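# Descriptive structure summary
So the chains spell out like this:
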Amino acid sequence: MAISLSVDLENFPRKKIRPSWTAVFSWVFSALAFIFFLTLAGFLLQGSQPVLRKEGLDFFLGSIWHYRVLCFGALPMLYGTTVVAVVAILFAAPLAFGSAILTAEYLSGKIRLLVKSLIELLAGIPSVVYGLLGVIYLRPMIFNTLKPFHPETGDNLLSAGLIVGIMILPTIMSLSDDALRGISREDRETALALGLTRYEMFFHAVLPKAFPGLVSAVLLGFGRALGETIAVYLVAGRADNRLPQPWYSLRPLLESGQTLTSKLGGSEVGIAYGNPVHWSAMIGLCLLLFLTVMVFVSVGQGLKFFGRDYGR
Amino acid sequence: MKDSIRTLKENFFTGFVFVSGLITLGFLAAALGLVTFKGFRAVSPAFLFTAMREGGVSGGILYQIAGTVILALTTLSIVLPIAWGVALLRSVYIPNTALRQGLSFFLYTLNGIPSILFGIFGFFLFVKGLGWGKSWLTGGILLAMMILPAVAMNLSEGMDRIPKDYIENARALGLSRSQLIWSVLAPQSFSSFMSGLLLGLGRAAGETAPVIFTATVFAGAFIPKGITDNPVLSLPYHIFNLAQESYQPQALQNAWGSAFVLIAMVFFFNLAQLPFRLRFHEEAEAA
Amino acid sequence: MKNVILSVRSLEVRTLSRAILGGVSFELQESELVSVVGPSGSGKSTLLRALNRLAGETPGLMVSGEVLYHGQNIFSCCRVHELRKNIGMLFQKPCVYPGSILRNVLFGVKHHQKLNAKLAADISERSLRKAHLWEEVKDRLHHPAFELSMGQKQRLCFARLLAVDPEILLLDEPTANLDPHSTLEIEKTLMELKDSKSIILVTHLLSQARRLSDRVIMISAASGTGIIVEDGSAAEFFENPKALETQAYLKS
């Protein structure tokens, strides 16, 4: 029954090992994925060369985008993107933290799982549905509530920011909950045993250790907010070349604006293909979007890895 | 510190926490409630099973549903082998070194790529570059690559969670690496795989941005008969267009109905993965 | 004079920070049972795991030295999973896979050869009988293996190992957590296997070593690294130990 020993060793020693089919399969399919993303990166870098050579730094700092005269300044869109994401974070983070503290500190067992799953359902709602809700409900609500401030229209950066805020709320909450749950029970019980209130225990025993995880949650949420396209497209108004006068004015919140994503989701993409420089400008916007999002996502992700060891 | 101030802070804290939770759940209730309330009225057998008429203003969403299903199935077939390949690479074939850490980090970050970038890249490469025009296959490829990092990581982490006992015993019995993969790793990580896959498909079904330039049209497409120049309709894109004509009450009605159906589809995926996700929690506790 | 099957020469296992096992050398003959004893933490399990190259698969461990199996160095002669068809291991904690008892018994051997239904039935019955488990499970072979008691699970794992039919058996404290009945059955199996197999048994039960072994090796890590302090026949070991550590250990 046993494999005869002489048969085994007769074929050896041989250093050359034929890889199994499974290994070949894994490497080949992984290579496909790798090639795809490599090509994507190449596309972004290569394709944006023409417009960057033409405009140079003005691509990022120029405030006029007018494709008919081949003038491509992305600053207003950068501004719009930033404003929308900042509004979203300011709106979502406190609520997300509060909800996460609720599920991590106050609830347990089945009810905790229930609440967390329900909130994660929020994350499952497609962005186009949020967009629809934003168009029908949020837009008029903003316009009517803020009438004293004379909004230009309901399609403004504030509406976009709020709808994106609701979209990233479950993401930040879920990540924060994970971060808080990562703190061991002993840490909490030690504090409580010393007579601290729940609030004090949270701020002095849990928060310091969970801090990297929470920051990571915010950064990842921010990255998502920067990249959201459809919902922003539907409620932001898509007016080009709007910049605040003076630079610190909050006026743009109540006016239509343009973000990198709302521009990229629009019909100008199709038009651009006809003109090499125009097309390159669109790719330039893609590159800009990619870099901006990736900065936050990679730092956020890095903190998550770092935070895992930090809490120990 | 005075006890009364401490108690006050404590109460504020608790209040804030519960109120946040309520508000968050309130958003969920509002979103789902509105869509259900508005959409339910629009849904009828006729709505689900008839084709669109008058540019979406009347008629049904049969081919939108069909298109979404076609895209989801295509995505599934493409992401399946690639996710397994990448997951096996990370969990089995690449040893525990910096390379493996790098791969994990890389996958996690890829997950954050905005979906519109897939759309524009796909437009460049497939629609124009390869000359395919709009095609359902392109949509499937792009959606698959979009959900790939998450599905692969879920699967790979599921494999990592398998108790070392199972693996050591199998190795000690003389199983080769591929035998180990098929007899131990794959069956034991199946629930993680299904959970990640279903969540990914739910996301893919609801996405608009990757397909608007590459795979979908608003009208004029039915069941594709070939690959090139064969776009499909899709529910998300349909809603996207109707939302921009929302001043028309009939179009709006249609939009709500479509949104309701879309959410139903997405939630089907999200809920279907729950038993798998719960199961691997149980396995971990039993081990 | 029996043939030497396994020849261990200057085997060393170390991590980056310390040497777990240093310069271990001994020989294993055919049809003999060698017990490896010693205080906990001395490196007995590590030694065993080096012999089927499992230590080499543990990240962070570095193995050096030679282990000659029928004259060939196990670290370079063949693919590791081929080697393990001939050098098998039973762990301290029984590890049972989801599925039926039958499926578990066949789990190893079915990966080595094609089994038709008859062959499968034969092999499983033979292995379960050798492990003294057949009578207890013959009527419920298709029942989930999880239902078995700890002792039965361990005998099942033993049967699974015997189905693969390796020439050398490495056993790492196989009865450490078991009830007396299962311990007895496993020792019976070992006594019956002694004539046809070569067995290395790591145990902390000196009485067990005395009952079963032909030879006894004692490993001690008093110096910080595990080394062999005594290697002799069972009789010599228990009646007339040479090393001080052995004497101390036997007294404890």
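Everything below is about the structure shown above.
Residues numbered from 1 in each chain as written. Chains lettered and ligands numbered in written order. Predicted model: local features only at pLDDT ≥ 70, side-chain atom pairs only at ≥ 80, totals over all residues. Heavy atoms only, no water.

Moving on: the overall build of chain C. Across its full length, chain C carries ten helices and ten strands. Computed over its C-alpha atoms, the radius of gyration of chain C comes to 18 Å, within 12% of the 18 Å expected for a compact globule of 252 residues. With the C-alpha coordinates aligned to their principal axes, the bounding extent of chain C is approximately 55 × 40 × 40 Å. Burial statistics for chain C: of 252 residues in total, 58% are counted as buried. Carbon and sulfur atoms make up 53% of the accessible area of chain C, which amounts to about 10400 Å² in all. The average position of the 31 basic charges and that of the 28 acidic charges among the side chains of chain C differ by 6 Å. (Helix = DSSP H or I, 4+ residues; strand = E, 2+ residues; numbered from the N terminus. Rg over C-alpha atoms; globule rule 2.2 N^0.38 Å. Buried < 20%, exposed > 50% of the residue type's maximum accessible area, 1.4 Å probe, protein only. Areas by Shrake-Rupley, 256 points an atom, 1.4 Å probe, with all protein chains shown as cover. Lys, Arg positive; Asp, Glu negative; His and termini not counted. Charge placed at Lys NZ, Arg CZ, Asp CG, Glu CD.)

Right, let's talk about the overall build of chain B for a bit. When helices and strands are tallied, chain B shows 13 helices and two strands. Taking the principal axes of its C-alpha atoms as reference, chain B extends roughly 70 × 65 × 35 Å. Looking at the 287 residues of chain B, the share that counts as buried comes to 59%. The long-range share in chain B, meaning contacts at least 24 apart out of those at least 6 apart in sequence, stands at 75%. Carbon and sulfur atoms make up 67% of the accessible area of chain B, which amounts to about 11400 Å² in all. For chain B, the distance from the average position of its 18 positive side-chain charges to the average position of its 13 negative side-chain charges is 5 Å. (Contact = heavy atoms within 4.5 Å.)

Residue and element names in this part refer to chain C. Inspection of the entire model under this criterion finds one disulfide over all chains. Across the disulfide, cysteine 77 is cross-linked to cysteine 78 (sulfur-sulfur distance 2.2 Å). Cysteine 77 gets classed as buried once you look at its relative accessible area, which sits at 5%. Overall, the relative accessible area of 12% leaves cysteine 78 in the buried class. (Disulfide = S-S within 2.5 Å.)

Here the focus is the interface of chain B and chain A. Listed as interface residues are 73 residues of chain B and, on the opposing side, 72 residues of chain A. Applying the counting criterion to the chain B and chain A interface returns one salt bridge. Between Glu200(A) and Arg6(B) there is a salt bridge, and its shortest N-O distance comes to 2.7 Å. Across the contact surface, chain B and chain A share twelve residue pairs in polar contact (both at pLDDT 80 or more). Of the residues belonging to the side of chain B that touches chain A, the class tally is 53 nonpolar, 14 polar and six charged. (Salt bridge = Lys/Arg side-chain N within 4 Å of Asp/Glu carboxyl O. Polar contact = N/O pair within 3.5 Å; in protein donor to acceptor, adjacent residues only side chain to side chain. Nonpolar A, V, L, I, M, F, W, Y, C, P; charged D, E, K, R; others polar.)

Right, let's get into helix 2 (residues 21–47) of chain A. In this model, helix 2 of chain A (27 residues) spans 38 Å end to end at C-alpha, consistent with the 39 Å of a helix rising 1.5 Å per residue. Buried within helix 2 of chain A we find Thr22(A), Ala23(A), Ser26(A), Ser30(A), Ala33(A), Phe36(A), Phe37(A), Leu40(A), Phe43(A), Leu44(A) and Gly47(A). (Expected span 1.5 Å × (residues − 1).)

Now for unusual backbone geometry. Between Gln245(A) and the following residue, Pro246(A), the backbone shows a cis peptide bond with an omega angle of -5 degrees. Summarising the element assignment, Pro246(A) is placed in the loop between helix 11 (230–235) and helix 12 (260–264). For Asn241(A), which is not glycine, the phi dihedral falls at a positive 60 degrees. Within the secondary structure, Asn241(A) is located in the loop between helix 11 and helix 12. Phi at Ser31(C) takes a positive value of approximately 55 degrees, unusual for a residue other than glycine. Tracing the backbone shows Ser31(C) in the loop between strand 2 (19–29) and strand 3 (33–37). Under the relative-accessibility criterion, Ser31(C) is labelled partly exposed at 23%.

In this structure, the second largest pocket spans a volume of roughly 890 Å³. For the second largest pocket, the lining is made up of 23 residues, of which Ser91(B), Lys164(B), Ile167(B), Glu57(C) and Pro59(C) are closest to its centre. Mapped onto the lining of the second largest pocket, the elements with two or more residues apiece are helix 3 (62–93), helix 6 (136–160), helix 7 (164–172) and helix 8 (177–188) of chain B. Per-element tally for the lining of the second largest pocket: the top contributor is helix 7 of chain B, with four residues. (1 Å grid on protein atoms, 1.4 Å probe; cavity = no way out; pocket = protein on both sides within 12 Å on 5 of 7 lines; lining within 4 Å. Points joined across faces, edges and corners; volume = space filled by probe spheres on them.)

Looking now at the pairing of strand 9 (residues 215–220) of chain C. Residue and element names in this part refer to chain C. Where burial is concerned, most of strand 9 is hidden: six out of the six residues are buried. Side chains Arg215, Ile217 and Ile219 project from strand 9 onto one buried face, and the interleaved Val216, Met218 and Ser220 project onto a second face that is buried too. Note: strand 3 against strand 9, four bridges, orientation parallel. Its bridge partner lying in strand 9, valine 34 is registered against arginine 215. (Pairing = 2+ DSSP bridges.)

Moving on, we come to the pattern of salt bridges. As enumerated under the stated definition, the model contains 37 salt bridges over all chains in all. Among the salt bridges present, the one from Lys263(A) reaches Glu268(A), with a minimum N-O distance of 2.6 Å. A salt bridge links Asp165(C) to Lys197(C); the shortest N-O distance between them is 2.7 Å. Taken together, the positions of Asp165(C) in the loop between helix 6 (150–164) and strand 7 (168–172) and Lys197(C) in the loop between helix 7 (180–193) and strand 8 (198–202) put the pair 32 residues apart, joining distant regions of the chain.

Before going further, it helps to examine the sheet that holds strand 2 of chain C. All names here are of chain C. Strand order across the open sheet formed by four strands is 2-1-4-5, with antiparallel pairing between neighbours. Edge positions in the sheet fall to strand 2 and strand 5 (72–73), since each of these pairs with one other strand and no more. For strand 1 (residues 4–14) and strand 2, the ladder comprises seven bridges, and the chain directions are antiparallel. Paired with serine 7 across the strands is glutamate 27, a residue of strand 2. Sheet strands touched by helix 1 (residues 44–51): strand 1, strand 2 and strand 4 (62–69). Its angle to strand 1, the strand with the most contacts, is close to 120 degrees. (Axes fitted to C-alpha atoms, helices over the stretch in contact; angles between N-to-C directions.)

On to the environment of Arg277(B). Along the polypeptide, Arg277(B) turns up in helix 13 (residues 274–286). Residue classification places Arg277(B) among the partly exposed positions, given a relative accessible area of 27%. Remark: the alpha-carbon pair of Arg277(B) and Gly196(B), spanning 81 residues in sequence, is separated by 8.7 Å. When sequence neighbours within four positions are dropped, the list of residues in contact with Arg277(B) reads Glu120(A) and Ser195(B).

All names here are of chain C. The six strands lie next to each other as 6-7-8-3-9-10, forming an open sheet whose pairing is mixed. One side of each edge strand has no neighbouring strand; the edge strands of this open sheet are strand 6 (87–90) and strand 10 (227–233). This sheet shows a mean twist of 15 degrees between the axes of neighbouring strands, independent of strand direction. Where strand 9 lies against strand 10, six bridges are found, and the strand directions are antiparallel. Bridge assignment links isoleucine 219 to a residue of strand 10, and that residue is isoleucine 228.

The next subject is the packing of aromatic side chains. As enumerated under the stated definition, the model contains 36 aromatic pairs over all chains in all. Centroid distance Tyr106(A) to Phe18(B): 5.7 Å. Interplanar angle 70 degrees. Geometry classified as edge-to-face. Taken together, the residues Tyr106(A) in helix 5 (residues 75–106) and Phe18(B) in helix 1 (residues 3–40) connect one chain to another. In this structure Tyr106(A) comes out as buried when scored by relative accessible area, which is 18%. Following the ring pairs from residue to residue traces out a cluster consisting of Phe36(A), Phe37(A), Phe43(A), Phe118(B), Phe121(B) and Phe124(B). (Phe/Tyr/Trp six-rings, centres within 6.5 Å; stacked < 30°, edge-to-face > 60°.)

All right, on to the pairing of strand 2 of chain C then. For strand 2 of chain C, a buried count of eight out of eleven residues is recorded, marking the element as mostly surrounded by other parts of the structure. Linking strand 1 of chain C to strand 2 of chain C, which pair antiparallel, is a turn of four residues.

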